[in-house]
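Per-entry structural report
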Amino acid sequence: MKKFGLVGGLGPISTLEYYKSIHDLYRDKIETTGVCASNPPMVIDSLDLAVAYDLVSRKDWNTLSEWLIASIERLHGAGAEFAAIAANTAHIVFDEIQAGSPIPVIGIVDETCKYAHAKGLKKLIVFGTGFTMESGMYEKACAKFGIEAIVPSKEDQVIIHNIIFPNLEAGIVLAEEKAAMLGIANKMLAAHQADALVLGCTELPLIIKEGDLDTVLIDTTQVHIEAIVREILS
């Protein structure tokens, strides 16, 4: 069993989901003896989302990667044997993070592409923050598995981004914003004959849920969590 370190706070709502879901899945997979079940061995370093947003907005990739590596170093100092970052957008600098990290880091984008490949999916629509959608990271990662990843138009990217910030990041879901998000998804799924919609922001599962769309939904948060728990138990 390995001790896990989570770079959290990016944002706070998804960090809560990571902790709860890692805890629940871990307990589902271990044999429980005695009065109390065991908890997964993990530590969390909660970063300031406002700092991350500023760095990404200014495309200060060097400072962003150094800041995230410093977080992983703190987790390592607290005993973590591997780490993960509870956010999609931070993975824009994932290669730099991997290169500078003192411990292995499980990436949400790579795990999502592996999951889609295992499911036999060939064409994905990817939603996320504007930063994620314009970065090309999903297109590049999915191409390694023979999968085409497609992001919305610039206009629709702005709509989605402005739903994520500030409301979804604060856990707020408005009916009109959900309708707008689903409208973009349905339009793109039909236009591209896509196999699935990737919820490429850890807050998107708050607004798009199973049954909302007639397609496969890939919740990147849950895919990431499953990979993390496998590593804890390895």
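We now turn to the structure provided with this report. Source: prediction; values computed, not measured.

Parameters and conventions
Residues numbered from 1 in each chain as written. Predicted model: local features only at pLDDT ≥ 70, side-chain atom pairs only at ≥ 80, totals over all residues. Heavy atoms only, no water. Helix = DSSP H or I, 4+ residues; strand = E, 2+ residues; numbered from the N terminus. Rg over C-alpha atoms; globule rule 2.2 N^0.38 Å. Buried < 20%, exposed > 50% of the residue type's maximum accessible area, 1.4 Å probe, protein only. Contact = heavy atoms within 4.5 Å. Areas by Shrake-Rupley, 256 points an atom, 1.4 Å probe, with all protein chains shown as cover. Phe/Tyr/Trp six-rings, centres within 6.5 Å; stacked < 30°, edge-to-face > 60°. Salt bridge = Lys/Arg side-chain N within 4 Å of Asp/Glu carboxyl O.

Turning next to the overall build of the protein chain. Looking only at helices and strands, one finds ten helices and eight strands in the protein chain. Taking 234 residues into account, the globule formula puts the C-alpha radius of gyration at 17 Å, and the protein chain, at 17 Å, falls close to it. Projected onto its principal axes, the C-alpha coordinates of the protein chain cover approximately 50 × 40 × 35 Å. Expressed as a percentage of the 234 residues in the protein chain, the buried residues total 52%. Counting only contacts in the protein chain whose residues sit at least 6 apart along the sequence, the fraction spanning at least 24 positions is 73%. Carbon together with sulfur atoms contributes 53% to the accessible area of the protein chain, which is approximately 10500 Å² in total.

The next point concerns the packing of aromatic side chains. Applying the stated rule across the entire model yields three aromatic pairs. Taking 5.3 Å as the distance between ring centres and 70° as the angle between the ring planes, the aromatic pair formed by Tyr53 and Phe131 counts as edge-to-face. With Tyr53 in helix α2 (residues 49-57) and Phe131 in helix α6 (residues 130-135), the pair connects residues that are 78 residues apart, well separated along the chain. Judged by its relative accessible area of 12%, Phe131 is buried. The interplanar angle of 75° and the centroid separation of 4.7 Å between the aromatic rings of Tyr53 and Phe165 together place this pair among those described as edge-to-face. Highlighted residues: Tyr53 in helix α2 and Phe165 in the loop between α8 (154-164) and α9 (175-192), separated in sequence by 112 residues. Taken together through their ring pairs, the aromatic side chains of Tyr53, Phe131 and Phe165 make up a single cluster.

So, on to the pattern of salt bridges. By the definition in use, this model includes ten salt bridges. Across the pair Asp60 and Arg58 runs a salt bridge, and its minimum N-O distance is 3.6 Å. One connected set of salt bridges, linked through shared partners, spans Asp54, Arg58 and Asp60.

Another point: unusual backbone geometry. Cis geometry marks the peptide bond from Leu10 to Gly11; its omega dihedral reads 15°. Looking along the chain, the bond that leaves Phe165 and enters Pro166 is cis, with omega of 5°. Tracing the sequence through the fold places Pro166 in the loop between α8 and α9. The phi dihedral of Lys59 is positive, around 55°, even though this residue is not glycine. Since its relative accessible area comes to 46%, Lys59 is described here as partly exposed. Of note in the backbone geometry, Gln193 takes a positive phi value of approximately 50° without being a glycine. On the secondary structure map, Gln193 appears in the loop between α9 and β7 (196-199).

What follows is about the side chain of Ser65. Structurally, the position occupied by Ser65 is in helix α3 (residues 61-77). Residue Ser65 is classed as buried on the basis of its relative accessible area of 7%. The residues contacting Ser65, other than those within four sequence positions of it, are Val93, Glu96 and Ile97.

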